[in-house]
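# Coordinate analysis (summary)
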Amino acid sequence: MYIADLAPYSYGLGEGRFVAGTACVGWLNGSSASPRSQGSPSSQFLAALAQLTWRWSVNQARGNHVCTLCSELHDTFLILDGGPKMLLGAAELWVPSLDYSVIFVAPNLVYHYVSEHRYAPPNAFVDAVLGAEVAYKQWDPRAESEKLLNSAFV
Ligand SMILES: [Zn+2]
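The rules we used
Residues numbered from 1 in each chain as written. Predicted model: local features only at pLDDT ≥ 70, side-chain atom pairs only at ≥ 80, totals over all residues. Heavy atoms only, no water. Helix = DSSP H or I, 4+ residues; strand = E, 2+ residues; numbered from the N terminus. Contact = heavy atoms within 4.5 Å. Buried < 20%, exposed > 50% of the residue type's maximum accessible area, 1.4 Å probe, protein only. Donors = N, O, S within 2.8 Å, 3.2 Å for Na, K, Ca; no water. Tetrahedral: all angles 85-135°; square planar, octahedral: opposite > 155°, others 65-115°. Phe/Tyr/Trp six-rings, centres within 6.5 Å; stacked < 30°, edge-to-face > 60°. 1 Å grid on protein atoms, 1.4 Å probe; cavity = no way out; pocket = protein on both sides within 12 Å on 5 of 7 lines; lining within 4 Å. Points joined across faces, edges and corners; volume = space filled by probe spheres on them. Nonpolar A, V, L, I, M, F, W, Y, C, P; charged D, E, K, R; others polar.

### Describing the side chain of Ser-145
In this structure, Ser-145 sits in helix H4 (residues 141-151). What Ser-145 contacts, discounting residues up to four positions off in sequence, is Val-58 and Trp-94.

In structure tokens form, the structure reads like this:
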């Protein structure tokens, strides 16, 4: 499912519902109707994004999405430090901006989009990912994402 970068999170919530205070990042698809910025990620950002994906993927779904930018549809994985591998596309990353003014929500496939397709997410998201380990000491992504998702229904 395509959602424009920085639009509020609405995935799976039903007609007209969204989560206030959120900003989507990396909800891409392969159609020309979904333009994306491209660039070369820093190795520091890629490493932080890999750790975040590995340790803090939340809002786990039953099925998984495949990348529609790849020429052939196939499952995509994150392989951490040459070790264990994790299937991507079935969970999300919820990351507060550095000043907590907005919560970024990305499908965890964003790691694949950045590493394989040179997708360049908004700079504020890059900063948030680099700061996430510190933020998560006081902002638990599992509890907070659940709370925010529930807020779409009040
Ligand atoms: Zn791909």
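Having seen the model, we can carry on.
### Here's the deal with helix H2 (residues 110-117)
Along H2, six of the eight residues are buried, which leaves the element largely enclosed by surrounding structure. Among the residues of H2, Val-110, Tyr-111, His-112, Tyr-113, Val-114 and His-117 are the ones counted as buried. For H2, the elements touching its buried residues are helix H1 (43-56), strand S2 (77-79), strand S4 (92-96) and strand S5 (103-107). Positive phi shows up at Arg-118, right after H2, with a value of about 60°.

### Here's the deal with the coordination of the zinc ion
Looking at the zinc ion, one finds its protein donor set to be Cys-67 (SG), Cys-70 (SG), His-112 (NE2) and His-117 (NE2), positioned 2.0 to 2.3 Å from the metal centre. Coordination geometry of the zinc ion: the four donor atoms subtend angles of 103 to 121° at the metal centre, consistent with an arrangement described as tetrahedral. Each donor residue of the zinc ion lies on the same chain, and together they follow the pattern C-x2-C-x41-H-x4-H. Here His-112 lies in helix H2 and Cys-70 lies in the loop between H1 and S2, a separation of 42 residues in the sequence. Taking the relative accessible area as the measure of exposure, Cys-70 reaches 14% and is therefore buried. Taking the relative accessible area as the measure of exposure, His-112 reaches 7% and is therefore buried.

### Section: the packing of aromatic side chains
All chains considered together, the criterion is met by seven aromatic pairs. On the basis of an interplanar angle of 70° and a centroid distance of 5.8 Å, the ring pair of Tyr-9 and Trp-27 is categorised as edge-to-face. One end of the pair, Tyr-9, is in the segment before strand S1 (22-24); the other, Trp-27, is in the loop between S1 and H1, with 18 residues separating them in the sequence. A single burial state applies to Tyr-9 and to Trp-27, both of which are buried. On the basis of an interplanar angle of 40° and a centroid distance of 5.2 Å, the ring pair of Tyr-11 and Trp-27 is categorised as tilted.

### Notes on the layout of surface pockets
Of the volumes computed, that of the largest pocket is approximately 430 Å³. What lines the largest pocket is a set of 26 residues, and nearest its centre among them are Tyr-9, Tyr-11, Trp-27, His-65 and Glu-92. Of the residues forming the lining of the largest pocket, the biggest block, three residues, is contributed by H4. For the lining of the largest pocket, the class distribution of residues is 15 nonpolar, nine polar and two charged.

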